[in-house]
Amino acid sequence: MPLIMINNSYLQFFGAVLILIFGLYLNSKYLDKRDFSGYGLVFKKETFTHLCIGILIGFISVLFMFFIGKATGILLVSDAKSIPHIELLLLFALKMLLVGILEETFFRGYLFTTIYDGLLSGTTKNQAFWISFVVSSALFGLAHISTSNASILSTIFLSINGMVWCIPFVITKNLGLSIGLHTAWNFTQTQIGFTMSGNKAIHSFYRIEDNGFALLTGGEYGPEAGVLGLIGFMFMLLLSLMYLRFTKKTVAQ
């Protein structure tokens, strides 16, 4: 609650990340009495590698979505505008990284893990997985219901988005890839010119306008509420699974 009184979004997100991680540490040590790394916050070289690959995949996925929208004519794209100042780009990238860490740690690292562990005593592993997978992702979608122009459709699509970011965590037991995907997805959308989760781009490389049905483009909410965003999600998942297959990261069927 004190973070709300701080009139600086960067400090708010930084403070929220610190509080969440510290809270999870106390939770793992004194309540759940489990290894802290079970939440996916694994501080080693592999995590940094996953993070960088996730950023690259997220960036490519947004570009793929952008070119699909432009090629099919459902998006009208202006000529390239002036490039934003590097200081603004770096600050916004830092903010999106903090958002990625905060949301992935809470919804995937904590919620998925806690729901799954809590269900194991009364269900099979398969049932526990599917319930925790769907519920934690649905709660991620519902967490965005208060954003501008949110709808039932945007909530459903964002829940699917949550599933896409949950799968790498399930496979690797590491949040690095999920955080990278989340960070680059948000950052690249905004910098290219997409409306991201109802937030219109202000300083961007292009000005993007819808030229198709809202179901296709996502309308005022942005591509995350439309088929175009769903294409981006699926392409991101495909690239993530290809990367994990290449690194021989497998999971039991």
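Further up the page is the structure itself.
Residues numbered from 1 in each chain as written. Predicted model: local features only at pLDDT ≥ 70, side-chain atom pairs only at ≥ 80, totals over all residues. Heavy atoms only, no water.

Let's shift gears to the overall build of the chain. What the chain contains, in helices and strands, is 8 helices and 2 strands. Taken from N to C terminus, the helices and strands of the chain fall in the order α-α-β-α-α-α-α-β-α-α. Compactness check: the chain gives a C-alpha radius of gyration of 18 Å against a globular reference of 18 Å for 253 residues, within 12% of the reference. Expressed as lengths along the three principal axes of its C-alpha atoms, the size of the chain is roughly 55 × 40 × 35 Å. Of all 253 residues assigned to the chain, the portion counted as buried reaches 45%. The contacts in the chain between residues at least 6 apart in sequence include a share of 73% that link residues at least 24 apart. Carbon and sulfur atoms provide 70% of the accessible area of the chain, an area that totals close to 13,300 Å². (Helix = DSSP H or I, 4+ residues; strand = E, 2+ residues; numbered from the N terminus. Rg over C-alpha atoms; globule rule 2.2 N^0.38 Å. Buried < 20%, exposed > 50% of the residue type's maximum accessible area, 1.4 Å probe, protein only. Contact = heavy atoms within 4.5 Å. Areas by Shrake-Rupley, 256 points an atom, 1.4 Å probe, with all protein chains shown as cover.)

Between helix H6 (residues 176-192) and helix H8 (residues 227-246), the shortest axis-to-axis distance is 12 Å and the interhelical angle comes to 145°. The crossing of H6 and H8 is right-handed. Counted together, Leu177, Leu181 and Trp185 of H6 and Gly229, Gly232, Phe233, Met236, Ser240, Tyr243 and Leu244 of H8 form the full contact between these two elements. Classifying every residue of the contact of H6 with H8 by side-chain character gives 7 nonpolar, 3 polar and no charged. (Axes fitted to C-alpha atoms, helices over the stretch in contact; angles between N-to-C directions. Left-handed = near helix turned anticlockwise from the far one by under 90°. Nonpolar A, V, L, I, M, F, W, Y, C, P; charged D, E, K, R; others polar.)

Moving on, we come to the packing of aromatic side chains. Following the criterion strictly, the structure yields 19 aromatic pairs and no others. Seen in terms of ring centroids, phenylalanine 112 and phenylalanine 169 are 6.1 Å apart; in terms of plane orientation they differ by 85°. Their pairing is edge-to-face. Note that phenylalanine 112 is positioned in helix H3 (residues 86-119) and phenylalanine 169 in helix H5 (residues 152-172), a separation of 57 residues in sequence. When sorted by exposure, phenylalanine 112 lands in the same class as phenylalanine 169, which is buried. On the basis of an interplanar angle of 20° and a centroid distance of 5.3 Å, the ring pair of phenylalanine 129 and phenylalanine 133 is categorised as stacked. In this pair, phenylalanine 129 and phenylalanine 133 are both assigned in helix H4 (residues 125-142), 4 residues apart and thus about one turn of the helix distant. Site record: aromatic cluster; members linked through ring pairs are Tyr25, Phe36, Tyr39, Phe106, Phe107, Tyr110, Phe140 and Trp165. Taking the ring centre of tyrosine 39 as reference, the NZ or CZ of arginine 34 above it sits at 5.3 Å. It is arginine 108 that lies over the ring of phenylalanine 140; its NZ or CZ is 4.5 Å from the centre. (Phe/Tyr/Trp six-rings, centres within 6.5 Å; stacked < 30°, edge-to-face > 60°. Lys NZ or Arg CZ within 6 Å of the ring centre and 35° of its normal.)

As a further point, take helix H2 (residues 45-72). Its 28 residues give H2 an end-to-end C-alpha distance of 41 Å, which sits within 8% of 40 Å, the value for a rise of 1.5 Å per residue. Taken together, the buried positions of H2 are Thr47, His50, Leu51, Gly54, Ile57, Gly58, Ser61, Val62, Met65, Phe66 and Gly69. The first or second residue beyond H2 is glycine 73, which carries a positive phi of 85°. (Expected span 1.5 Å × (residues − 1).)

So, on to the nonpolar core. If you look at the biggest cluster of nonpolar residues, it comprises 27 residues, and the most contacted ones within it are Trp165, Trp185, Phe194 and Met236. Only H2, H3, H5, H6 and H8 provide two or more residues apiece to this core. Element by element, the count of residues in this core is highest for H8, at 8 residues. Setting aside residues no more than four positions away along its own chain, tryptophan 185 makes contact with Gly58, Ser61, Val62, Met65, Asn161, Trp165, Glu224, Gly229, Gly232, Phe233 and Met236. (Core = buried A, V, L, I, M, F, W, Y, C linked by side-chain atoms within 4.5 Å.)

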